[in-house]
Amino acid sequence: MTRINRPDTLLTELKDIKRRLHALETAQRPTAAATAAQTIAAEPEAAEADTPESE
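Residues numbered from 1 in each chain as written. Predicted model: local features only at pLDDT ≥ 70, side-chain atom pairs only at ≥ 80, totals over all residues. Heavy atoms only, no water.

Visitor: Got a minute to help me understand the overall build of the chain in this structure?
Guide: Across its full length, the chain holds one helix and zero strands. Per-residue burial for the chain yields a buried fraction of 2% across its 55 residues. Per element, the accessible surface of the chain, about 5,300 Å² overall, is 60% carbon and sulfur. (Helix = DSSP H or I, 4+ residues; strand = E, 2+ residues; numbered from the N terminus. Buried < 20%, exposed > 50% of the residue type's maximum accessible area, 1.4 Å probe, protein only. Areas by Shrake-Rupley, 256 points an atom, 1.4 Å probe, with all protein chains shown as cover.)

Visitor: Please explain the pattern of salt bridges as it appears in this structure.
Guide: Once the charged atoms of two side chains with opposite charge are near each other, the side chains can pair. On inspection of all chains with the given rule, the structure shows two salt bridges. Of the charged contacts in the structure, one is a salt bridge between Asp-16 and Arg-19, with a shortest N-O distance of 2.5 Å. Of this pair, Asp-16 and Arg-19 both sit in helix H1 (residues 7-50), three residues apart, which is roughly one turn of that helix. Salt-bridge contacts for Arg-20 lead to Asp-16; the nearest nitrogen and oxygen are separated by 3.2 Å. You can see Arg-20 and its partner Asp-16 sitting in helix H1, four residues apart, about one turn around the helix. Judged by relative accessible area, which is 25%, Asp-16 ranks as partly exposed. Here the residues in one salt-bridge network are Asp-16, Arg-19 and Arg-20, joined through shared partners. (Salt bridge = Lys/Arg side-chain N within 4 Å of Asp/Glu carboxyl O.)

And the structure:
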């Protein structure tokens, strides 16, 4: 059996991949939240610009 196919090596690789994925997701989370906040903040301005003020 080759070294790469040993269960302990595969488990170690899986744990490392999960750890790196979690780190990437955590690093991207504030950026996504900031983008969503900017989008939500911009939507009311766009809606106000579309409404005619004939009153």
